[in-house]
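Here's the letter readout for the chains.
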Amino acid sequence: MDYDPTRKSLYTPESGDPLPDFSAAWDVDPICAELSRLAYYHFELKDAPRLNAALQHAGFTAAQTFEGAARGAQAFGTTRPDGTRFVAFRGTEAGKLLDLVADARFKLVPFGAARVHQGFLDAYASLRDTIAGWLGRADGNRLVITGHSLGAAMATLLAAERAEGELVTFGSPRVGDAAFAALFAGRSVRRYVDCTDGVTAVPPALIGYAHLAGERYIDHSGLVHSQPPTAEELAEDRRAGRMIYASRYAWKVWRNVLVRELADHAPVNYVSAVTGKRTG
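In what follows, the accompanying structure is described. (Residues numbered from 1 in each chain as written. Predicted model: local features only at pLDDT ≥ 70, side-chain atom pairs only at ≥ 80, totals over all residues. Heavy atoms only, no water.)

Observations regarding the pattern of salt bridges
Right, on to step 1. Per the counting criterion, the structure on display carries 18 salt bridges.
Right, on to step 2. Measuring nitrogen to oxygen at the nearest pair gives 2.9 Å for the salt bridge that ties Glu 164 to Arg 162.
Right, on to step 3. According to the relative accessible area criterion, Glu 164 is partly exposed, its value standing at 33%.
Right, on to step 4. Across the pair Arg 190 and Glu 166 runs a salt bridge, and its minimum N-O distance is 3.4 Å. Remark: Glu 166 occurs in strand S7 (residues 165-170) and Arg 190 occurs in strand S8 (residues 189-194); sequence separation between them is 24 residues.
Right, on to step 5. For Arg 190, a relative accessible area of 12% puts it in the buried group. (Salt bridge = Lys/Arg side-chain N within 4 Å of Asp/Glu carboxyl O. Buried < 20%, exposed > 50% of the residue type's maximum accessible area, 1.4 Å probe, protein only. Helix = DSSP H or I, 4+ residues; strand = E, 2+ residues; numbered from the N terminus.)

Spelled out as structure tokens, the structure:
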């Protein structure tokens with residue numbers, strides 16, 4: 001899979017087809033990357049058959065869908081043959097006012113003894129009860145919670161309330177303060193950051209936000225690093241990534257997004273890296 005700099009991949013990820021070899025037999029993190037992309041399918045409108053066809057072809061159960069209409073939030077649940085349950089949240093949709101409002105309401109509000117982003121919490125809260133009903137009590141089966149962008153933020157909030165859940169996110173903004181991040185100490189967390197992805201830099205730490213541990217950094221060539229690079233290595237890799245983007249893609253303004261900070265956020269670029277299919 002080539003690196004995809006197009007406006008289409010960033011702004012309408014639901015237009016992409018599922019990977020033809022997508023399978024429930026994959027490792028968990030590649031599964032989560034693809035489920036997070038499939039979460040953009042508009043199953044509440046017309047894409048439920050399309051979503052279910054993709055899931056069932058891969059060996060999963062049909063989706064149990066969740067919608068918080070008042071907040072414009074969506075997610076779905078599915079199960080693979082070994083009993084592992086997945087909950088995948090939809091990220092920000094371009095041009096959808098409720099999503100943009102959720103992203104913009106960055107005031108920190110109480111979450112137990114911690115504080116979290118008000119807009120993210122309100123969006124998640126609109127789905128909390130229906131998801132809890134589907135999950136029921138912890139039954140010993142593995143639970144994996146995932147999402148991209150705004151979906152990653154909502155996934156993080158669900159994981160904070162479900163101690164048995166693993167958390168795998170892609171392009172996640174900061175969700176809460178340091179006390180919130182500390183709730184995940186000792187937990188299974190993989191937080192993927194694609195090179196210069198600008199969404200992962202907001203809201204800023206200067207106003208009280210902190211990232212969870214567990215970063216998996218994707219370098220400019222698409223290789224995943226299980227340990228975060230040093231500040232010097234990070235700066236050099238991002239510099240190289242921006243230079244390559246400017247020379248190869250940025251000038252095609254009729255087709256591509258202008259800067260790598262946006263292109264790196266596209267769900268398909270997380271999929272190609274985490275599945276090991278990135279070729280360019």
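Re helix H5 (residues 118-135)
Right, on to step 1. With 18 residues, H5 ought to run about 26 Å at 1.5 Å a step, and its terminal C-alpha atoms sit 24 Å apart, in line with that.
Right, on to step 2. Maximal helix bending in H5 amounts to about 45 degrees, located at Arg 128.
Right, on to step 3. Three or more residues of H5 are buried, namely Gly 119, Phe 120, Leu 121, Ala 123, Tyr 124, Leu 127, Ile 131 and Leu 135. (Expected span 1.5 Å × (residues − 1). Bend = angle between axes of the 7 residues up to and from the residue.)

Observations regarding unusual backbone geometry
Right, on to step 1. For the peptide bond that leads from Val 202 to Pro 203, omega is -15 degrees, which places it in the cis range.
Right, on to step 2. Among the structural elements, Pro 203 can be located in the loop between S8 and strand S9 (215-218).
Right, on to step 3. The residue Ser 149 is not glycine, and still its phi comes out positive at about 65 degrees.
Right, on to step 4. When you line up the elements, Ser 149 lands in the loop between strand S6 (143-148) and helix H6 (150-161).
Right, on to step 5. A relative accessible area of 5% places Ser 149 in the buried class.

Some points on the environment of Thr 61
Right, on to step 1. For Thr 61, the location among the structural elements is in the loop between helix H3 (48-58) and strand S1 (64-68).
Right, on to step 2. On a C-alpha basis, the gap between Thr 61 and Pro 81 in space is 8.2 Å, while along the polypeptide they are 20 residues apart.
Right, on to step 3. Excluding its chain neighbours within four sequence positions, the residues that come into contact with Thr 61 are Leu 55, Gln 56, Thr 78 and Thr 79. (Contact = heavy atoms within 4.5 Å.)

Observations regarding the sheet that holds strand S10 (residues 224-225)
Right, on to step 1. On the basis of which strands lie adjacent, the open sheet formed by eight strands has the order S1-S2-S3-S6-S7-S8-S9-S10 and mixed pairing. Each end of this open sheet is capped by a strand with a single partner; those strands are S1 and S10.
Right, on to step 2. Sheet topology places S9 next to S10; two bridges connect them, and they run antiparallel. Bridge pairing links Tyr 217 to His 225 in S10.
Right, on to step 3. Along the sheet face, helix H10 (residues 267-274) touches S6, S7, S8, S9 and S10 and points at about 115 degrees away from the line of S8. (Pairing = 2+ DSSP bridges. Axes fitted to C-alpha atoms, helices over the stretch in contact; angles between N-to-C directions.)

Notes on the pairing of strand S2 (residues 73-79)
Regular strands place their side chains on alternate faces of the sheet.
Right, on to step 1. Along S2, seven of the seven residues are buried, which leaves the element largely enclosed by surrounding structure.
Right, on to step 2. What you see with S2 is no split at all: Ala 73, Ala 75, Gly 77 and Thr 79 on one side and Gln 74, Phe 76 and Thr 78 on the other are buried throughout.
Right, on to step 3. Examined bridge by bridge, S1 and S2 share five bridges and lie antiparallel to one another. The residue of S2 that forms the bridge with Glu 67 is Gln 74.
Right, on to step 4. Connecting the antiparallel pair S1 and S2 is a turn made up of four residues, with Gly 72 showing a positive phi of about 65 degrees.

Taken by themselves, the reported measurements are silent on function.
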